[in-house]
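One-letter residues, chain by chain:
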Amino acid sequence: MVPLKPSLLIQSPAVPSSHAQAARLERLPTSHSRISLFRSLLLDMQIYSPSVKVVNQHGLATSQPRPVFGDQDKIEGKVTLDPSCSQNGRLTISLEGAFEYLSVKDNADDEYPRNPTVRKHRHVFLSSSAAIPFSPTLDSRSTIREALSVRKRPSTSSLKSTACRACEFSFELPRGSRPGEEMPSTFSSTTPTQDSQKQSSTEELEVAYRIMVTWEASDGSGNKAILEAPILFQPDTDFQSVDGSAMQPQSWLEMPLMPERPIPFNCAVTLPRPQSFYRCSSIPYFVVFATNTRSPCLVKEIAADATIVVCLIRKITISPQRTLQSPTLPDTPPASDESDSQTSPFASRSRLLKRSVRTPTRSHSPDESFSANKPLPELPRQAFSVLQTLQTQVAIGFPKRPRTNDMSQDLPDGLYKGNVRLSKDMLPSVDWPGISVKYYFDVSVLVGQDAVRARVPIRVY
């Protein structure tokens, strides 16, 4: 499957026109009222957003405002080059969304101390970029004077213009192609964990978006400038989740626990419907059992000695997809000899020199020519998957039994009521091409040598 990419609209000067770069650019029509400014030594970038949020920088005590976008918004902005930049160069504007996983496991032992185990993986699930070439702005009157007078050197003022060079951009975020497929929201957390062997570890999860602008001079100076602007992507699910976190479930769904072999009793788990839970809420559940023969001895044994194990499991899966090429920009053809002849008075002389010099060429076989033009194969990307138990609850016995005045109603022989508290630091569920974050509610009941189990997929947002 090919990953989805945002569509990019660039409003830039046409190349190689000598008057377009000096022309004034009109701002793209937008309803965004907030403007965030990011600056470097050679680049200025303005980002238009519907809202701005002040966030704390990771590892620093300072906080800075960040542009905030929703799933229905366009990411728009403007990039301006400093007049001191070279007149020849290329400006690249890109949008990137990446997921990063870092786990540092402490292998400290009293007898054999070892280095910690580090597991790190970064996956770019959203990427789009475009390159805009820039050429010097020439004065038409000075060009005519230089064409008539060959002895005079080209004036410096005609080749170096102080006109403001700017480029406006607009990214339209992609949408899922099927129900439930949504781009992950911005997220960052650092959580200490502990496995079944009581070994401590630290887990860092991050979903980050950024706009990156790169300027590369093509005059041989090697000058390069990079400007990054982090942005926040937050759909409207957070607003809906706050209202729905305190609501009581309207209906419940009962799912049977499957045995490994035929046994004389049945168990089931009951969860609220639908199985979607906010990170700042909890998951209420019931585990019930009933015997097939209504044996009082068996009912008493299960109600007193059964072991109930409830686990909250998270599975992260990265499936690298085939990347797409960067989109091409309309109305920006590359510079050619014909275009140079219109702007440079020395183009005809350079072509005469090229004709007088003959470089020997050797013939190529069809197979050799095909192999020379064939692009190199893309390096395979490694898949990534991690399954982790976030919470575990263990209980002995079924302390309750349902009661009703209707004796004809078929009720279970035992009931256990529990509650799993979620955390705001939990990574929300993700279903997007190339990345998947799934949660499972795992329930097991052990009676002697027999065990029944069910693993129910749930959604955390």
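Computed from a predicted structure; not experimentally measured.

**Looking at the overall build of the chain**
A count of helical and extended segments in the chain gives 7 helices and 22 strands. Counting all 461 residues of the chain, 38% fall into the buried class. A separation threshold of at least 6 residues defines the contact pool for the chain, and within that pool the share at least 24 residues apart is 71%. Surface exposure of the chain reaches about 28,000 Å², of which carbon and sulfur atoms provide 51%.

**Remarks on the pattern of salt bridges**
Overall, the coordinates contain 12 salt bridges when judged by the stated rule. Between R90 and E216 there is a salt bridge, and its shortest N-O distance comes to 2.7 Å. Here the residue R90 occupies a position in strand β7 (residues 89–105), and E216 occupies one in strand β11 (residues 200–217), the gap between them amounting to 126 residues. By relative accessible area, which is 42% here, R90 ends up partly exposed.

**Quick notes on the nonpolar core**
F99, F441 and V445 are the most contacted members of the largest nonpolar core, which has 81 residues in total. Setting aside chain neighbours within four positions, we find F99 in contact with H121, R122, H123, F125, L205, E206, V207, I316, I318, L427 and I435.

**Side note on the pairing of strand β21 (residues 435–447)**
Counted residue by residue, β21 has 11 buried out of 13 residues, so it is predominantly covered. For strand β17 (residues 307–318) and β21, the ladder comprises 12 bridges, and the chain directions are antiparallel. Each residue of the ladder has a partner; that of T307, found in β21, is L446. As paired strands, strand β20 (residues 430–432) and β21 are joined by 3 bridges and run antiparallel to one another. If you follow D431 over to β21, its bridge partner there is S436. Where β21 meets strand β22 (residues 450–460), 9 bridges bridge the pair, whose relative direction is antiparallel.

**Considering the packing of aromatic side chains**
Taken as a whole and judged by the stated rule, the model has 10 aromatic pairs. Measuring from centroid to centroid gives 5.9 Å for Y278 and Y461, while their planes differ by 35°, and the two rings are tilted. Here Y278 is found in the loop between β15 (276–277) and β16 (282–291), whereas its partner Y461 is found in the segment after β22, with 183 residues between them in sequence. Both residues of the pair, Y278 and Y461, belong to the buried class. Taken together, the ring pairs connect F125, Y209 and F233 into an aromatic cluster. Directly above the aromatic system of Y440 lies the positively charged group of R455, at a separation of 5.9 Å from the ring centroid.

**As for the confidence of the model for the chain**
Confidence in the prediction of the chain, expressed as mean pLDDT, is 75, and 66% of residues score 70 or more. Confidence drops under a pLDDT of 50 for residues 12–27, and excluding neighbours within four residues, the segment shows 36 contacts in the predicted structure. Every residue in residues 323–378 scores below 50 in pLDDT, and together they form 37 contacts with partners more than four places removed in sequence or on other chains.

**Notes on the environment of C280**
You can see C280 is positioned in the loop between β15 and β16. Of the residues examined, C280 reaches a relative accessible area of 36% and is grouped as partly exposed. Separated by 141 residues in the primary sequence, C280 and R421 have C-alpha atoms spaced 8.1 Å apart. Look past the residues within four positions of C280 in its chain and what remains in contact with it is R421 and K424.

**Description of the environment of Q46**
Here Q46 lies in strand β3 (residues 43–49). On the basis of relative accessibility, which here comes to 31%, the residue Q46 falls in the partly exposed class. On a C-alpha basis, the gap between Q46 and E168 in space is 9.1 Å, while along the polypeptide they are 122 residues apart. If near-sequence neighbours (up to four positions away) are discounted, Q46 is found in contact with I35, S36, L37, E76, G77 and K78.

**Focus on the environment of G397**
Topologically, G397 is positioned in the loop between β18 (384–396) and β19 (414–421). With 89 residues separating them in the primary sequence, G397 and I308 have C-alpha atoms 7.2 Å apart.

**So, helix α4 (residues 296–305)**
In an α-helix, one turn spans 3.6 residues; hence positions three or four apart end up facing the same way. If you check which residues of α4 are buried, you get L298, V299 and I302. The buried side chains of α4 occupy one side of the element, clustering within an arc of 100° when seen end-on. In α4, the exposed residues that point more than 90 degrees away from the buried face are P296, C297, K300 and D305. Residues of α4 that are buried make contact with β14 (265–273), β16 and β21.

**Here's the deal with the side chain of T270**
Secondary-structure assignment places T270 in strand β14. When its relative accessible area of 12% is taken as the criterion, T270 is described as buried. Here T270 is in contact with W252, L253, E254, P284, Y285 and F286, once residues within four sequence places are set aside.

Reading the values: the criteria
Residues numbered from 1 in each chain as written. Predicted model: local features only at pLDDT ≥ 70, side-chain atom pairs only at ≥ 80, totals over all residues. Heavy atoms only, no water. Helix = DSSP H or I, 4+ residues; strand = E, 2+ residues; numbered from the N terminus. Buried < 20%, exposed > 50% of the residue type's maximum accessible area, 1.4 Å probe, protein only. Contact = heavy atoms within 4.5 Å. Areas by Shrake-Rupley, 256 points an atom, 1.4 Å probe, with all protein chains shown as cover. Salt bridge = Lys/Arg side-chain N within 4 Å of Asp/Glu carboxyl O. Core = buried A, V, L, I, M, F, W, Y, C linked by side-chain atoms within 4.5 Å. Pairing = 2+ DSSP bridges. Phe/Tyr/Trp six-rings, centres within 6.5 Å; stacked < 30°, edge-to-face > 60°. Lys NZ or Arg CZ within 6 Å of the ring centre and 35° of its normal. pLDDT = per-residue confidence, 0-100. Arc of directions from axis to C-beta.

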